[in-house]
Amino acid sequence: MQNNSLWSDALRRLLANRAAMISAVILTLLILSAIFAPFIATHSYAYQNLSLGATAPSAEHFLGTDTLGRDLFSRILYGARVSLMVGFVATFVALIIGVTWGIIAGYYGGRIDSIMMRIVDILYGLPFVIFIILLMVIFGRNIWLLFAAIGAVEWLTMARIVRAQVITIKGLEYVQAAQALGVPNNRLFIRHIFPNILGPIAVYATLTIPQVMLLEAFLSFLGLGVQPPMSSWGTLIRYGVESMEEYSWLLIFPGLTFTITLFALNFFGDGLRDALDPKISSD
Amino acid sequence: MLSIFFRRLLIAVPVIIIVTTITFFLIRLAPGGPFDADKVVPPEVLKNLNATYNLDAPVLVQYKDYMINLAQGDFGPSFRYPGRSVTEMIFTGLPTTFELAFYAILIAIFIGILSGVTAAVKRNTSLDYIPMTIAMIGICMPTFLLGPILVLIFGIYLEVLPVSGWGSLPGDKILPSITLGAAYAAYIARLSRGGMLETLNQDYIRTARAKGLSEFRVVFNHALRGGLIPVVSFLGPAMAGLIGGSFVVETIFQIPGLGRFYVEAAFNRDYTMILGTTIFFSVLIILFNLLSDLMVLLMNPQARDNT
């Protein structure tokens, strides 16, 4: 592939960005520990030891235990599974809908484009957070519904970005040249247009993940998200708030984990954007 | 320019009708009636209840009645609080929520613009780096975490501010307003920094400097106008976000505002209340978006001429 140099250039710039690399390391560790949670967890996340109750961090439970005597470290570890999964799956849903929508609108243009984008405009005006709450109330707190609902909200911006990219690239001379040479439509698209919109898609997807995780945590905090005995970080923060006066570690550790993760995702996304498109600096 | 505004306004009307319709029928899809959670009621009582709340009519008739009432500003009775209408409850909670949102946005604009503009003018100095790092933390730290942490520090450890309530103890409005405003202060700081940096590179700023104007006048009389456009266009979506944020803040600080009513209604399955507030919030958000679009048009002659 000729476009190797573009990608290796970007990779070189990304590797030189210290904040992004530290974030990448943190994220990798986090994802690995979420995957291997059953091997790393020191205790069962659901095992209740009522006689133990809430204890401060110790050698046995090194992030302490909650009011039901459950090991906080193990609960945060399993919470990572839920929170990260929501982040990735919902972003994936948004990606599929948004990219398809944007490509069709941008590539075909004309009436199709204006109808499709008008629909996006109208959906943009809707108060989606309220709608998600509504859906969770009506259809119960189902985690798959949560994925779909959040994904359905986040695709709009993706569609706009992809459409704008496709239109720009479609107007470039090399694409017109290829068209003039008689390259068939689908080949033109796959070979000449699609590789060039991958960058912005990757960047925006990375920056969507933290937004999705925030939304999920927000819902779980209100008690409308993930249900026990499963726990996401939002649920853990909710319990932490309830008992923070006596047992502050129940709020501090889940909160810290969550904030660091969001931080890392945002920094990595920014780094990726700078690496893939040096012209657009961060605002 | 006015024509584009009216076009937006015309789009807003069908959007509101669509929102209302979708919400109305979604609520009807919910499993279980609103009176299921109560004790077992005799069938004739249930029948009476259904008749009182117009639930025995065909769905389409109910829809028609609801829309007609809605057009007159009547959201119907609350299912959970007999004798109280949804309209009444909305207007009980609304002043509190508005007050909270007003303080929050005031804090956000003041701190955000001040630090953003300073950061842009003093680019690449510690006056740039330190506020911008704090802004990044502000964006990553969700409201539902910041609120409890502030309560823990100022309410429980230092015991200088009340931990909850609204308007009953001195100073109890400070923590909720800061909690709600913080994230927006952070966004506004980033946006105004970006906008100012771009504006300060424009030719007309160079002209102003060349005329020998003081740096203060260059920044305040000339650059600010163009540099703050991104902030203004952010205010519409920010209002929408503030409503979501008010759910959390009002829950944390036990403030009797509309956001808390909404969350409670969601838990109690008070369908008419959910329906009413959803429609109310939607209209509010659509109007705020419209308003901030208009502001941008007024501030930016380029956008005006392009239409």
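About the thresholds
- Residues numbered from 1 in each chain as written.
- Chains lettered and ligands numbered in written order.
- Predicted model: local features only at pLDDT ≥ 70, side-chain atom pairs only at ≥ 80, totals over all residues.
- Heavy atoms only, no water.
- Contact = heavy atoms within 4.5 Å.
- Buried area = accessible area lost by both parts, 1.4 Å probe.
- Salt bridge = Lys/Arg side-chain N within 4 Å of Asp/Glu carboxyl O.
- Polar contact = N/O pair within 3.5 Å; in protein donor to acceptor, adjacent residues only side chain to side chain.
- Helix = DSSP H or I, 4+ residues; strand = E, 2+ residues; numbered from the N terminus.
- Phe/Tyr/Trp six-rings, centres within 6.5 Å; stacked < 30°, edge-to-face > 60°.
- Buried < 20%, exposed > 50% of the residue type's maximum accessible area, 1.4 Å probe, protein only.
- Patch = residues over 30% accessible without salt bridge, like charges linked within 9 Å, V, L, I, M, F, W, Y side chains within 5 Å.
- Areas by Shrake-Rupley, 256 points an atom, 1.4 Å probe, with all protein chains shown as cover.
- Core = buried A, V, L, I, M, F, W, Y, C linked by side-chain atoms within 4.5 Å.
- Domains from an automatic or database assignment.

**Student:** How would you explain the interface of chain A and chain B if you had to name every residue and give the values?
**Tutor:** In this complex, chain A contributes 35 residues to the contact, which on the side of chain B involves 42 residues. Interface of chain A and chain B: buried area, both sides summed, is about 3,500 Å²; carbon and sulfur atoms make up 81% of it. Scanning the region where chain A abuts chain B turns up zero salt bridges. Applying the counting rule to chain A against chain B returns zero residue pairs in polar contact (both at pLDDT 80 or more). Secondary-structure elements contributing two or more residues to the side of chain A that touches chain B are helix H5 (110–124), helix H6 (128–139), helix H9 (185–221), helix H10 (233–242) and helix H11 (249–276) of chain A. Ranked by residue count, the leading element in the side of chain A that touches chain B is H11(A), at nine residues.

**Student:** I'd like a rundown of the packing of aromatic side chains, residues and numbers included.
**Tutor:** Residues and elements named next belong to chain A. With the rule as written, the count across this model stands at 23 aromatic pairs over all chains. Measuring from ring centre to ring centre gives 6.3 Å for Phe36 and Phe39, while their planes differ by 50°; the resulting arrangement is tilted. Centroid distance Trp233 to Phe258: 6.3 Å. Interplanar angle 85°. Geometry classified as edge-to-face. A residue pair is termed long-range when its members are at least 10 positions apart, and Trp233 in helix H10 and Phe258 in helix H11 qualify at 25 residues. What links up through ring pairs into an aromatic cluster is the set Tyr107, Tyr108, Phe189 and Phe194.

**Student:** An account of unusual backbone geometry is requested, with residue identities and associated values reported.
**Tutor:** Residue and element names in this part refer to chain B. One non-glycine residue, Glu159, adopts positive backbone phi at about 50°. When you line up the elements, Glu159 lands in the loop between helix H6 (143–157) and helix H7 (174–200). Given a relative accessible area of 64%, Glu159 falls into the exposed group. Of note, the phi angle at Gln254 is positive, near 50°, even though the residue is not glycine. The topology assignment puts Gln254 in the loop between helix H10 (229–252) and helix H11 (258–268).

**Student:** Got a sec to walk through a nonpolar patch on the surface? Specific residues and values, please.
**Tutor:** Residue and element names in this part refer to chain A. A surface patch of nonpolar side chains, about 660 Å² in accessible area, is lined by Ile31, Leu32, Ile35, Phe36, Phe39, Ile40 and Phe88. Secondary structure elements with two or more residues in the nonpolar patch: helix H2 (18–35) and helix H3 (37–40). Residue position: Leu32 is located in helix H2.

**Student:** Just give me the short version of the nonpolar core, but keep the residues and values in it.
**Tutor:** If you look at the biggest cluster of nonpolar residues, it comprises 148 residues, and the most contacted ones within it are A:Ile133, A:Phe218, A:Leu222 and B:Phe247. Of the domains in this structure, domain 1 (2–68) and domain 2 (93–268) of chain B are the two that each give at least three residues to this core.

**Student:** Explain the domain arrangement of chain B residue by residue, including any values.
**Tutor:** The domains assigned to chain B are domain 1 (2–68) and domain 2 (93–268). With centres defined by C-alpha atoms, the gap from domain 1 of chain B to domain 2 of chain B works out at 36 Å.

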